[in-house]
Each structure stands twice: as C-alpha cells, then as structure tokens.
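Structural features, examined
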Amino acid sequence: MTSTPNPGLEPQLNDAIANPPAETNQLTAQEPEAWMDLRRYDQSRFDRGRPGWYVLIWWLVQAIAFPLTPHPANGLRRSLLKLFGAEVGVGVVIRPTARFTYPWKVAIGDYSWIGDDVVFYSLDRIQVGHHSVISQKSYLCTGSHNFQDTAFGLVTAPITIGNGAWVATDCFIAPGVQVGANAVVGARSSVFSSLPEGQVCWGTPCRPHYPRQMTC
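Throughout what follows, the structure given in this document is the object of discussion. (Residues numbered from 1 in each chain as written. Predicted model: local features only at pLDDT ≥ 70, side-chain atom pairs only at ≥ 80, totals over all residues. Heavy atoms only, no water.)

Secondary structure assignment for the protein chain yields four helices and 19 strands. Relative to its 216 residues, the protein chain shows a buried fraction of 37%. In the protein chain, 29% of the contacts between residues at least 6 apart in sequence involve partners at least 24 apart. A total accessible area of about 13300 Å² is found for the protein chain, and carbon and sulfur atoms account for 57% of it. (Helix = DSSP H or I, 4+ residues; strand = E, 2+ residues; numbered from the N terminus. Buried < 20%, exposed > 50% of the residue type's maximum accessible area, 1.4 Å probe, protein only. Contact = heavy atoms within 4.5 Å. Areas by Shrake-Rupley, 256 points an atom, 1.4 Å probe, with all protein chains shown as cover.)

So, on to the pairing of strand β18 (residues 199-202). Each regular strand carries side chains that alternate between the two faces of the sheet. In this structure, strand β16 (residues 184-185) lies alongside β18, joined through two bridges in parallel fashion. Note that in β18 the partner of V185 across the bridge is C201. In this structure, β18 lies alongside strand β19 (residues 207-211), joined through four bridges in antiparallel fashion. Within β19, the position partnered with V200 by the bridge is Y210. (Pairing = 2+ DSSP bridges.)

Residues I94, F100, I114, F120 and I161 are the most contacted members of the largest nonpolar core, which totals 42 residues. A per-element tally of this core places helix α3 (residues 52-68) first, with five residues. In this view, I161 contacts Q127, V128, G129, I134, L140, V167 and V179; residues no more than four positions away in its chain are not counted. (Core = buried A, V, L, I, M, F, W, Y, C linked by side-chain atoms within 4.5 Å.)

Moving on to the sheet that holds strand β4 (residues 106-108). In space, the five strands of this open sheet follow the order β1-β4-β7-β12-β15, with parallel pairing throughout. Of all the strands in the sheet, just β1 (87-88) and β15 (178-179) have a single pairing partner and so form its edges. By the bridge criterion, three bridges tie β4 to strand β7 (residues 126-128) in an arrangement that is parallel. By the bridge assignment for β7, A107 is matched with Q127.

This brings us to the pattern of salt bridges. Summed over the entire model, instances satisfying the criterion amount to four salt bridges. Its salt-bridge partner being R39, residue D37 comes within 2.9 Å of it at the nearest N-O pair. You can call D37 partly exposed: its relative accessible area is 23%. Here R125 makes a salt bridge to E87, at a shortest N to O gap of 3.4 Å. With R125 in the loop between β6 (119-121) and β7 and E87 in strand β1, this pair connects stretches of sequence that are 38 residues apart. Its relative accessible area of 30% is what places R125 among the partly exposed residues. The exposure class assigned to E87 is partly exposed, which follows from its relative accessible area of 46%. (Salt bridge = Lys/Arg side-chain N within 4 Å of Asp/Glu carboxyl O.)

This is the structure:
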C-alpha cells in the first residue's frame, strides 16, 4: 500500500526548499556586546613558584602516582608532597583523591586531616594549622579575577585555616579568608570573609552563630 501525499502541503514544502531560512547567530543577535575582551587576558606576571617543566612533573605525579597510593599510605603521600616543596607536619592524614595545584605553596600542620576530593587551588599560599580538619569535597580557592577589568586580570590572596578548625564537607573558602583557630565551618558553606576563633559558623555567605563548646 502506498500513501497518498497531502496536496495542501506541497506548495509549502516547495517554498521551504526554494527559500531556506537565513542562518543567524541567535545569541549574537539578541545579546549585548561583552564588556570583557578575553583576548587581552595576560597572566605572564603571575609567579607559579617553579619552572614549567617542574609544574608538569608534579601534575603527572598527582594524576598518576598520587591517586594510586593505597588508602592507608598517608606517609607516602606526605613524602610526595614534601618532595615537591610542601610543608607537611607529622601524623597528617591526606586522602589519595585530594588535589594540590602547587604543593610548594602549601603548609599543613601536625595531625591535621585532608579529606577525599579536597582541592587546594594554591595559586597563593594555603596554610592549615595543627589538628585541623578539611573535610571531603571542600575547595580552598586562592585565585579569582578582577571582573571590573576588561582583561579579566588574575587576582590571588592567601588562605589560612587556624589550629583545631574544622571545615566540614563541601565548603568553599574564598581568596584572602582566615578561619580562626577552633572555628567550625558547617557543611556546604561558602566563606567569603574571615571567621573568628572558636565560633560555629555556617551559611552562604558563612556567618558565626554561636561559640563552640567542648564537652570533654
């Protein structure tokens, strides 16, 4: 059995074939011009702290050797970080999925814990105190951009996590932030300004809510 074409559609189909719609970039046609010109972006003045070949070797070690270390092998991971210039204290626990952009800009005090999938985006210095905990999936970010600059210039600032502080799971710590000693940063908080010592803090933006009290 063969289908019978609809004679009413034939003129429309012929017209569509003969006069296809003009191709236009809908985004360009509808949106205002960008205020930034990313072609002007230049980070040549940024100091990584090591030559390019050294950075590449570290990235290969981190991508291949670091995550293949056995889960309990914290000593081996400490040694790898120290080999590449990190300051790592005794008894530090570092999970194999933790990531360090430039370890030579990182210092971690004695007996601190760095959890799974934690990122130290260490374009600037990151210092973690003694007996501090950075829980899984937290992101310590020392780099940003000047959004008022048409060239979107790179801006960096250090991060300091005080002794005995706990940054709970999936937190964002912004450039220039200092988390005071023994402070607690609640899960999934976004910390854009420094936090005082000994306070329990949470939220986006993160704010102190009440003093931390120890029961034993």
